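Structure assessment
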Amino acid sequence: MVNRLYRLAALALLLASAPALAEDRPNILWLSTEDIGPHIGAYGHPDADTPNLDRFAEQGMSYRFAWSDGPVCAASRTSIIAGMDPNSAGAQHMRSRVRLPDGFHMFPRYLRDAGYYTTNNAKTDYNYEMTGGVWDESSRRAHYRNRAEGQPFFAVFNTAITHESRVFGRFDELEEIPDDIVVPAHHPDLPETRRAWATYNMVISDMDTWIGKMLQELEDEGLREDTIVFFWGDHGAGLPRHKRWPFNSGVHVPLLVYIPEKYQHLAPDDYDAGGMSDRLVAFQDLGPTLLSLAGINPPEHMHGKAYMGKYEDEPRDYLYAFRGRMDERIDMVRAVRDERFIYIRNYMPHRIYGQHLAYMYNNPMTPAWENAYLQGLLAAPDTFYWEQKPVEELYDLQNDYDEVQNLADSAEHQDKLEEFRAVARERALSIRDLGFMPEGMIHRRAGDQPPYVMGHDPEQYPVEEVFDAAERAASRDMADVPQLNDLLSHDDAAVRYWAVTGLTIRGQHAVSPRRHALREIMISDAEDPNVRVAAAEALAFYGSERDIAEALENLVELADLRQHDTFTALASLNVLELLGDRIEPVVDRLLDLPATHPSEPGRSGGYPERALDKIRADFRGDD
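Residues numbered from 1 in each chain as written. Predicted model: local features only at pLDDT ≥ 70, side-chain atom pairs only at ≥ 80, totals over all residues. Heavy atoms only, no water.

**Focus: the pattern of salt bridges**
Taken as a whole and judged by the stated rule, the model has 53 salt bridges. The salt bridge partner of Glu219 is Arg224, with a shortest N-O separation of 3.6 Å. Relative accessible area serves as the criterion here: at 41%, Glu219 is assigned to the partly exposed category. Arg224 sits in the buried class, given a relative accessible area of 10%. Salt-bridge contacts for Asp338 lead to Lys416; the nearest nitrogen and oxygen are separated by 2.9 Å. Placement of Asp338 in the loop between β10 (333-337) and β11 (341-346) and of Lys416 in helix α10 (residues 414-431) is noted, with a sequence separation of 78 residues between them. Lys416 matches Asp338 in its accessibility class, with the two residues each being buried. Shared partners join several salt bridges into a network, and the residues in it are Glu34, Arg95, Lys123, Asp125 and Arg603. (Salt bridge = Lys/Arg side-chain N within 4 Å of Asp/Glu carboxyl O. Buried < 20%, exposed > 50% of the residue type's maximum accessible area, 1.4 Å probe, protein only. Helix = DSSP H or I, 4+ residues; strand = E, 2+ residues; numbered from the N terminus.)

**Quick notes on the sheet that holds strand β9 (residues 319-323)**
In space, the four strands of this open sheet follow the order β9-β10-β11-β12, with antiparallel pairing throughout. Both edges of this open sheet fall to β9 and β12 (392-396), since each of them pairs with a single strand only. Going across the sheet, the axis of each strand differs from the next one's by a mean of 15°, ignoring polarity. Relative to the sheet, α10 contacts β9, β10, β11 and β12, its axis offset from that of β11 by approximately 60°. (Pairing = 2+ DSSP bridges. Axes fitted to C-alpha atoms, helices over the stretch in contact; angles between N-to-C directions. Contact = heavy atoms within 4.5 Å.)

**Thoughts on the nonpolar core**
Trp30 and Phe230 are the most contacted members of the largest nonpolar core, which totals 184 residues. Top element by residues in this core is helix α6 (residues 191-220). It accounts for 13 residues. Aside from chain neighbours lying at most four places away, what touches Trp30 is Ile80, Phe107, Phe154, Ala155, Val156, Phe157, Phe230, Trp232, Leu286 and Leu290. Counting residues in hydrophobic clusters, the runner-up holds 12 residues, among them Tyr318, Ala408, Leu417 and Phe420. (Core = buried A, V, L, I, M, F, W, Y, C linked by side-chain atoms within 4.5 Å.)

**Some points on the confidence of the model for the chain**
Per-residue confidence for the chain averages 95 on the pLDDT scale, and 96% of its residues sit at or above 70. Across residues 1-22 the pLDDT falls below 50, and counting only partners more than four positions away or on other chains, this stretch makes 15 contacts in the model. (pLDDT = per-residue confidence, 0-100.)

**Some remarks on the sheet that holds strand β4 (residues 137-138)**
Judged by pairing direction, the sheet is mixed, and its eight strands sit side by side in the order β4-β3-β5-β1-β6-β7-β2-β8 without closing on themselves. Only two strands of the sheet have a single partner each, and these edge strands are β4 and β8 (275-282). Together, β2 (61-67), β6 (227-233) and β7 (255-258) form the strand contacts of helix α2 (residues 51-59), whose direction differs from that of β7 by roughly 55°.

**Examining the packing of aromatic side chains**
Tallied over the full model, the rule gives 28 aromatic pairs. Between Phe56 and Tyr258 the ring centres are 6.4 Å apart and the planes differ by 55°, which places this aromatic pair in the tilted class. Pair noted here: Phe56 is in helix α2 and Tyr258 is in strand β7, with a separation of 202 residues, a long-range link. Taking relative accessible area as the criterion, Phe56 reaches 3% and is therefore assigned buried. Plain terms: the ring middles of Phe107 and Phe154 are 5.6 Å apart, the flat faces sit at 45° to each other, and that makes the pair tilted. Residue Phe107 is located in helix α4 (residues 107-113), and its partner Phe154 is located in strand β5 (residues 153-159); the two are separated by 47 residues in the primary sequence. Each member of the pair, Phe107 as well as Phe154, carries the same accessibility label: buried. Each residue in the set Trp30, Phe107, Trp135, Phe154, Phe230, Trp232 and Phe283 is aromatic and connected to the rest through ring pairs, giving one cluster. Sitting above the plane of the Phe436 ring, Arg334 keeps its charged end 5.7 Å from the centroid. (Phe/Tyr/Trp six-rings, centres within 6.5 Å; stacked < 30°, edge-to-face > 60°. Lys NZ or Arg CZ within 6 Å of the ring centre and 35° of its normal.)

Dropping the structure here:
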């Protein structure tokens, strides 16, 4: 009864203050779509048919350099909703679930507390656990029309018209494919590639029709001149080598903003109707920007920078992106860009770019590309996707927008390479990037704490030592082997993990002399399971026959969800799948293991089953 009276009193106070709030603060409308890069007319794309967005861009301003931080839906939306780099909270992996620290809120909560009516229609997909008070309504019925009279609103409408599932779901719909369709240099010019791009362009045109309807609805409600409108896509195109990859092609997105005349005082200095801003904008900047537009000073824990409004921040010099686990496949990549260059650091260069990911193979372009590669029908750069990664990549986006000419070894670009190395290091250490720990290790070490809290405790997470171990491990430099050997006995399990992984990356000559030390790590009950998986991988690939047999036994045990968590099992299954025919002695036992953890949350619980399905298909010919 007391709670009900409290809510009624709070509502009465809100209604009483609503006219003043509406007068002082703009309505804010977000129109978002999925899985598109800047392939619209406003960005000059030759295949675009987007009249509504082009007209909207003429009335507002476009951002030339907008990055989604994460190249997949859950990662990018996690960056948006808290205004933070997900790596700082262990929330970077696809469809994981972590808690924010006490006192940290998803940004709509701050708007709602300030009197805004907040609605989401309807996608969430955040990697953070939802806490109360974020949305007044989040559903297919959510709409700004449902607010109190005079109350300012923040409303999100998202469409899945352009999602990758619509590309492969409508793959055979087009009868003719234009002869002059643009195929980027990193994609092979195959019939399936052309059809994939043509279908992608078609769904973007359909999305543009939806945009026109939403803008007309705002006009019909008489709210166009009271509302700041944003349009954005959540990450790059839903095609292989775009979505899920922190190349510019995977994180460069369209961002358009319209600010009506009455709120021009909130516009940035470079706002120019019909113009294009060169300001670097990250997705973690979106939340702080909306708070700034509403007159709210963004909390200090947010990494994002407001790029308009009362609390507009200084422009960024760099943008950052990342790749962690993508569905059932494990990887780790970090990227940095400025206005012209992009730098990519691969921490698992021994894994190919195109790891088999079940969902991605629904697009007929993916198996067609792989088959052409396996048949020897392709030449560089179309072959790169199916091969191991270089340790570092540097691309000049001004002269190589498709990112196929790696300048990391170019003598004239070494200063730029050193600059980006320093920037990437500073970023990892300043946010205390938890991605340098295996996913399962993050959660085991955090225990009942939010991972952010654990990661910001130097005694629990010696980030500088872990970062340096990862850098040394991934370098492929054989001169680092003695140091890696010393790190095998380091006090911290994350450092030991990278020491073992570094030996595996270097292959036979690094692993063989250390077989006995690696065996002790692999069989130790006291060792962290992720370090055991890493040691078993090293021995399974580069050990003696006895080592291989014992490694397979340990990998099967580590993949058993009756004994280990989902992330340990998934790490083991990734190794087993890569071993191919070498797992034949244990494959029957492996395929009899449970495919889901009895207590695992649904967001990531299905991924071991997908990994097992791939092994099952390889050995039994199952579809």
